[in-house]
Every structure is written in structure tokens, then in C-alpha cells.
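This is what each chain is made of:
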Amino acid sequence: MLNNRRITKIKDFFLQTITYLSSFVSLGALLIIVGFLFSKGIHLLNINLITENYLSTGFVADVFPDTPLCNCEPTIELGENVYYSPKWGIALVDSKDLLGKNVVEIEYVHANSPLRQVNDKGIGIEPIRLRTDYDMIRIAFDAYPTALSRFGAQNMIQALEANNTIREMEFQTTGGGIRGSIITTLYLIFFTLLFALPIGIGAAIYLNEFAKPSRWTRLLRTAIETLTGVPSIIYGLMGLAIFVPLTVSLTDATGGNILSGAMTLAVILLPIIIRTTEESLKVVPDDFRQASLALGANATQTTFKVVLPSAFPGILSATLLAIGRIVGESAALVFAIGTSIKDHITVTGKSTSLAVHIWAMMTDEPANIELSATIALIIVFITVILNLVIKILSTRYLKRKLGGAHE
Amino acid sequence: MPNTNVLIHKQNTARKRRVDQIMKAIFTFTALLSASFIIIIVGIIFVQGFRPFITDNHGLGPVNLWRFVTGDVWLIGNTFASNLYSVGYAIVSTLFIAFLSLLLAFPIGVLTALFIAKIAPKPLSKVLRTVIETLASIPSIVYGLFGSGVILQIVYDLSATFGYQSKGGNSILAVVLVLSLMSIPTITSISEVAIRSVDKAIIHGSLALGASQTQTHFKVVLASAKSGIFTAAILGIGRALGEATAVSLVAGGRRSGVSFHLLDSTSTLTSLMLEGIKETTGLDYDIRFSVGLVLMVVIFLTNLTLNAIKRRIGTVHVK
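Now for the overall build of chain A. Helix and strand content of chain A: 13 helices and nine strands. A globule of 407 residues ought to have a C-alpha radius of gyration of about 22 Å, yet chain A, at 30 Å, is considerably larger. Taken along its principal axes, the extent of the C-alpha atoms in chain A is 90 × 75 × 45 Å. For chain A, with 407 residues in total, the buried portion stands at 51%. Taking contacts inside chain A between residues at least 6 apart in sequence as the whole, the part at least 24 apart equals 71%. As presented, chain A carries roughly 19,900 Å² of accessible surface, and 61% of it is formed by carbon and sulfur atoms.

Regarding its fold elements, chain B presents 12 helices and two strands. In sequence order, the secondary structure elements of chain B are arranged as α-α-β-β-α-α-α-α-α-α-α-α-α-α. For chain B, buried positions account for 52% of its 319 residues. Counting only contacts in chain B whose residues sit at least 6 apart along the sequence, the fraction spanning at least 24 positions is 70%.

Many analyses report the size of an interface as the accessible area lost when the parts associate. Residue-level contacts link 77 residues of chain A with 69 residues of chain B. Together chain A and chain B conceal approximately 6,200 Å² of surface at their shared face, both sides included; 80% is due to carbon and sulfur atoms. The tally of links between chain A and chain B comes to one salt bridge. Across the pair Glu 133 of chain B and Lys 391 of chain A runs a salt bridge, and its minimum N-O distance is 3.2 Å. Across the contact surface, chain A and chain B share 12 residue pairs in polar contact (both at pLDDT 80 or more). Of the residues forming the side of chain A that touches chain B, the biggest block, 19 residues, is contributed by helix H1 (residues 2-41) of chain A.

Okay, the environment of Ser 149 of chain A next. Residues and elements named next belong to chain A. With respect to the helices and strands, the residue Ser 149 is situated in the loop between strand E8 (147-148) and helix H3 (153-162). In this structure, the C-alpha to C-alpha distance between Ser 149 and Asp 135, residues 14 residues apart in sequence, is 8.7 Å. Not counting the four nearest positions on each side in its chain, Ser 149 is found in contact with Val 104, Met 136, Ile 137 and Met 156.

For the rest of this paragraph, the subject is the domain arrangement of chain B. Residues and elements named next belong to chain B. Splitting chain B by domain gives domain 1 (2-54) and domain 2 (67-314). One C-alpha centre belongs to domain 1, the other to domain 2; they are set 39 Å apart. On the side of domain 2, nine residues touch domain 1, which itself brings eight residues to the contact. Counting across the interface, domain 1 meets domain 2 through zero salt bridges. Across the contact surface, domain 1 and domain 2 share one residue pair in polar contact (both at pLDDT 80 or more). Residues belonging to the side of domain 1 that touches domain 2 are distributed by class as follows: six nonpolar, two polar and no charged.

A covalent bond between the sulfur atoms of two cysteines is what we call a disulfide. All names here are of chain A. With the rule as written, the count across this model stands at one disulfide over all chains. Covalent S-S linkage joins Cys 70 and Cys 72, the inter-sulfur distance amounting to 1.7 Å. Between Cys 70 and Cys 72, the S-S torsion sits near 80°, and that sign places the bridge as right-handed. When its relative accessible area of 10% is taken as the criterion, Cys 72 is described as buried.

All names here are of chain A. In the sheet, strand E1 (residues 58-62) pairs with strand E5 (residues 117-120) via two bridges, with the strands oriented antiparallel. Across the sheet, Asp 62 pairs through a bridge with Asn 119, a residue of E5. Where E5 and strand E6 (residues 128-129) come together, two bridges link them in antiparallel fashion. Paired with Val 118 across the strands is Ile 128, a residue of E6.

Residue and element names in this part refer to chain A. All chains considered together, the criterion is met by 18 aromatic pairs over all chains. Measuring from centroid to centroid gives 6.2 Å for Phe 59 and Tyr 134, while their planes differ by 20°, and the two rings are stacked. Pair noted here: Phe 59 is in strand E1 and Tyr 134 is in the loop between E6 and strand E7 (135-140), with a separation of 75 residues, a long-range link. Each member of the aromatic cluster is reached from another via a ring pair, and the members are Tyr 187, Phe 190, Phe 191 and Phe 195.

The next point concerns the packing of helix H7 (residues 258-282) of chain A against helix H10 (residues 312-328) of chain A. All names here are of chain A. It is at 9 Å that the axes of H7 and H10 come closest, and there the two elements cross at 155°. For the element pair H7 / H10, the angle class is roughly antiparallel. Between H7 and H10 lies a crossing of right-handed hand. Of the residues in H10, those in contact with Leu 265, Ile 268, Leu 269, Ile 272, Ile 273, Thr 276, Thr 277 and Ser 280 of H7 are Gly 314, Ile 315, Ser 317, Ala 318, Leu 321, Ala 322, Arg 325 and Ile 326. Here the contact of H7 with H10 is built from residues that sort into 10 nonpolar, five polar and one charged.

Taking 1.5 Å as the rise per residue, helix H4 (residues 179-210) of chain A with 32 residues should run 46 Å; its terminal C-alpha atoms sit 45 Å apart, in good agreement. Along H4 of chain A, the largest kink reaches about 30° and is centred on Ala 196 of chain A; proline Pro 198 of chain A follows within four residues of it.

Residues and elements named next belong to chain B. A contiguous nonpolar surface patch, about 490 Å² in accessible area, is contributed by Val 42, Phe 46, Phe 50, Ile 54, Leu 65 and Val 69. Of all the elements in the fold, those that place two or more residues in the nonpolar patch are helix H1 (2-54) and helix H2 (65-70). Among the elements that line the nonpolar patch, the one with the most residues is H1, at four residues. By the secondary structure assignment, Phe 46 is in helix H1.

Now for the domain arrangement of chain A. Residues and elements named next belong to chain A. On domain assignment, one finds that chain A holds domain 1 (51-172) and domain 2 (179-402). Placing a centre on the C-alpha atoms of domain 1 and another on those of domain 2 gives a separation of 48 Å. Opposite the seven residues of domain 1 that make contact, domain 2 presents seven residues. Applying the counting criterion to the domain 1 and domain 2 interface returns zero salt bridges. When its residues are assigned to classes, the side of domain 1 that touches domain 2 shows four nonpolar, two polar and one charged.

About the thresholds
- Residues numbered from 1 in each chain as written.
- Chains lettered and ligands numbered in written order.
- Predicted model: local features only at pLDDT ≥ 70, side-chain atom pairs only at ≥ 80, totals over all residues.
- Heavy atoms only, no water.
- Helix = DSSP H or I, 4+ residues; strand = E, 2+ residues; numbered from the N terminus.
- Rg over C-alpha atoms; globule rule 2.2 N^0.38 Å.
- Buried < 20%, exposed > 50% of the residue type's maximum accessible area, 1.4 Å probe, protein only.
- Contact = heavy atoms within 4.5 Å.
- Areas by Shrake-Rupley, 256 points an atom, 1.4 Å probe, with all protein chains shown as cover.
- Buried area = accessible area lost by both parts, 1.4 Å probe.
- Salt bridge = Lys/Arg side-chain N within 4 Å of Asp/Glu carboxyl O.
- Polar contact = N/O pair within 3.5 Å; in protein donor to acceptor, adjacent residues only side chain to side chain.
- Domains from an automatic or database assignment.
- Nonpolar A, V, L, I, M, F, W, Y, C, P; charged D, E, K, R; others polar.
- Disulfide = S-S within 2.5 Å.
- Pairing = 2+ DSSP bridges.
- Phe/Tyr/Trp six-rings, centres within 6.5 Å; stacked < 30°, edge-to-face > 60°.
- Axes fitted to C-alpha atoms, helices over the stretch in contact; angles between N-to-C directions.
- Parallel < 35°, antiparallel > 145°, perpendicular 65-115°, else oblique.
- Left-handed = near helix turned anticlockwise from the far one by under 90°.
- Expected span 1.5 Å × (residues − 1).
- Bend = angle between axes of the 7 residues up to and from the residue.
- Patch = residues over 30% accessible without salt bridge, like charges linked within 9 Å, V, L, I, M, F, W, Y side chains within 5 Å.

Right under this line is the structure:
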């Protein structure tokens, strides 16, 4: 008997231990994931990332004739690895761009520098102001080997100091920003909700307010429920087969575009919106409807003026849920909108969302983990905030409901 | 003049009724539209997926259906010049990977659910529930990125210590780890609901009979909740079978042959559909619909089998 109890105790202890251990797997996983995203992505997270283009623009320019050399000392304190040319009044530094490539970045241009404004040799007429975040690619001289960025900033400054004239120089704006994909994602959210909310809310109203319990209604419900089990890549194929040709024939689109992506996302979101809306319609007390009908309102008025306003918090959380899903969806959009990362976004043109931006970069050679982690950090931040708001909404709504019941 | 009043009232009522009818028709239409999408999806995948088997494919000749489903080389010959596609090996790998992921995620998920629902003190279970909800809301591409940045490195080092040359860590093991991480929150949250709804009387009965807390948890609570827990497993395996982008980042793109070695690279049906998608056209593009069709059939058959098993074991009903 005693022995038995001891065995039970040992067994219990063992089972308890594995239970405790497994519960902390999730906690550990979350911490590691967030830690990874922060350690890789946080240093790229700045305002430039959000405002800059992904593709960089290159310029070829030369110095305006008859501009005197600078021969001046820098007016600001320059960092350790910054190389400065007193003759030209420019400071360069070795750096990495947002895509992780080694570049020579312009760190500082003196106010009297002949390079402050340079002559555009391309199609532009305006002189170009050399900005401090541009990357210098090469500087060519009249009788001296061309200084290339891959030999580093120090080499470039030495070449500048050794020459009194510059034949031409090539530089580019910093690339690797995600402005384009952010705009596409915002467009996607707008259009998807535009398509999905009216249909979803309408269907929920039909199912909750009008449909009589019958085999037919059950069939409708099952059909809608089944949509949740379809993997998102299959939705992508459907978008590719129906919505892409549809938008191509109706608009000036030539392939996957924001509209076809939004339509595909709308189908993915329908079951979620319908279910959440219906749940919030269900908790609207029947007394409200009967009171409204008794006062002479018809079913339409009752639905729009009484039922829907009471169900508003539920519909709001359905919308927030939907936004979270739109921001995170990748597999369906790879097919339904495409993977081309663009800077100039039009509704019918090619572009891609933030999540697919990550996928496109990770499947490229070499993969850009830093920028991907930064985008992932933004996406996770958005979804966590949305979830938090939904939680607050539902608990407050629940409290109000319960409070009402107690009165 | 009571007569006109009555008339206006009658007109009003008639108009209201007409508006009602129109609105009801609109609502009915939206419901029908929502419900019809499942039919549209299945239909379009069938039509597009079958096309490579029955058309000439711009001179390449039709793809052999039997060969497609059973063969173990993705493509014999050159892209755009051959119709010898097969996904048989990927079907086996997909099922194998889904099974392994479930094997790893299921115990962890269920035990976490048990801990949250029955064992943990209230504040702790609140924290853990939030953790699970957060994990569930993280999009799959982020799991893929995590797999690519962290898990691949771990697997690579692991295989190096075994003296095994892995393809940069891209392997079955990496896919399984990523998929398990993704399905743990699904399994946990559904199991937790099932565990919490177990009748208190059964638990008290077990305790009164002298069973210890832990014995009750494992032999009574989990057993009573098994129907709900099984549902969690079905949903977990569904997520593992259908996941695409995350898997494609850690699978390694195996072009032929089934391998059950954990450190070998692999291809699932979904990762094959995404492979080389950026630069392809013609049959090499269309064949992805056929892979999608196979994926749908695999998921459907898996669900059917699991639901049949569930009906056989799920005799204890949970409220």
C-alpha cells in the first residue's frame, strides 16, 4: 500500500514536471521570436525606412565650372571612421544600406563646398543638391584612376585630395525603404474591407434576422464555415484564376494588382466577418426588435436603426480582426497580387504587401534577413496592438451587457 | 379629412413593405454569394487543375495523371520542354511532415491547455493565455522568417556535429519545428475550451475515490475532453498541411525522391507550388493548379479519416 502510494507520487511528479515544462515552451518560443526580431530588425527601424523608396535612383553629375575649392575645416564634429577632404569640403563614411550592401555614404558636406550643388548630366535641368544620406558610387577624374565605392571611403577621400578637378561623379539615393509596400498594404486594407464588410454583414443579417431554421439555412452555414478550412494558398490560386482575369478585363491592369488581391482577401475574410458579426447580432435582445416593430418600424428600419447599432462593437472587432489578417496574409497574395516590390503604387499596377515583401526578399539570393526582420517587427506590432484593442473592446462590451442584465 | 390620412398611411405601408422586400432580397443575395464561394473555389481548382492532364499544353502533350500522382521526380527534362511532372514524393513528405509536427505539437499543446485550465494559479494562466493568443496572431510569414533566421542555423550546427552535410539547415526537421510552433497555439486554445467544459462532478467523483490531483487530470479530465482535444488535433494538422510561405523558406526545395531522414532537404505540396513562382510561365505555371488540386484532395481525405477515427474514439461526450 505504502509502496503503491510512492509509485503514484513519483508518477505524479513526473507528469507534473512535463506539464510545467510544456507550458513554458510557448512562453519561451514567443520570447525567442520577439528577441530575434528585435536583435535583427531594430537597428533599421527609423523614419527613413518608412519614407524611402525601395529602389534607389542614380545620378551622374559634374562640378559647375569656376567654383572655387573649399579648403575648409568641418564645422561639425565628425565621427571616428569618417574621412574628410578639406580640399573639397566633403566627408565620406563606409556604411551598409538598408539592403545590407556595403556602400560609401556621404556624411557631411561643408557649406562652401563646390560639391554642395552639382550639375546633373542626365535629363534633369535643375542642379542637384548633394544630400548627406546619398551613397557615392564613383568619382572620375581627368588624369587619375577612378575612385570606386568598393575600395572604400578612405580611398575616395585620398583621390579627392590628390586632384583639383572632377570629371564626373555618380551617386544614388538610399534604397531599401518600404514606403511602397506600406501604401499597398493600406490600399489592400481599404479595398478588402470595402468588398468584404457589406457582403459579410449582409450575410450575417440574413442568417440571424431573416433565415428560418431549415435544412437550407444549415447548408448555407456549412458552406460558409467550410471556407475557414481552406488553406490560404488555395485562395491564392482562386484569385489568380478568377479575380486577376476579371480585373485585367475591367481595368487597365496587366497582371496581379491591388484590386485582385483585395477581392481574394475579401473571400478569405468573409467567414470571419460573418461569424463575428452574427455573434454580436445574437446578443442584441429580442425585446429591442419587438419594441421597434411594435412602434411601426418595418424590418429594414429595425435592422439598420436598432439591431446594427447595438451590434456595433462586434462589427468593429470583426473589422479589426480582418485588418490583422490582411496585414499578415502572405501565401494567397503571392498568387493574387504578385511579388514585385514597387515604389510608385497604382491600384491597378503591380506592387506587393508588407508580408509578401518579406517573402520576396527571403526567397531572393542573398536573403535580406535584417530588413525582413524589421518589417516583421512592424507587422507583429500591428497585430499585437489590434488584438489588444479587440480584447479591451470585447471585455468592456461584455461588462456593459452584464451590467445591463443586473439592473 | 380622415380619408387622405388613411390613404397616405396605406401608401407608406406599401412603400415600407417594398423596401423590406428589396432589402431582404439583398441580404439573401449576400448570404448566397458568401456560401457560393466554396463551390467556386472547389470548381475552379478542379477545372484548372485538370487542364494539364487533358489538353496539349502548347505542344508538350498532356501530363500523365497516374505518373503525376505517383512519380518521385518533380520534373524529368528541362522546364518548358517537358511534361514529365510528378508530385508523388511530395505527397508522402507532406503527410510525413504533418504527422511529425503533430507528434511534437500535440502533447505540448494539450499539456499547456491542461496547465492553463486546471493547474496554474489564475494570474499565471492569464499570462499564458495571452502568450498563446499572441502566438496565434503572429502571421505565418514571421514564423517562416524566424525559421529561416534561427532554426536553420540550429539545424545546420546540429547536422554539423553529426557530420552530416545539410543544405544550409533546410530540412525536414526545420519544417517540423516551424510547423509545430505554429500549431501549438491552435491546439492549446481549442483543447483548453474542451478541458474547461469537463463536468465538475466527474472530477469531484474521481477525487473522492482517492485519486490524486494529477491522476484525476490525466485519467479523468483529459479522457473526458478527448473529443474536443481530437478536434484540436484535426485543426492542427490542417494548419500544418496547408501552410505555404513559412514552409517554403525552410524546406530547401527537394526535386526528387522521398527521404525520411530528418536532416535531408524536402518539398511539400505547398512549397512546390511556390517554387520558382517569380520567373515562370506556361505549363510550369499551370501545373501549380494541379498541385493545388492534389493538396485539396489530400486535406479532404485526411480530414475524412481523422473524423472517422474521432467518431470511433469520441464516445465520451463533452458538453
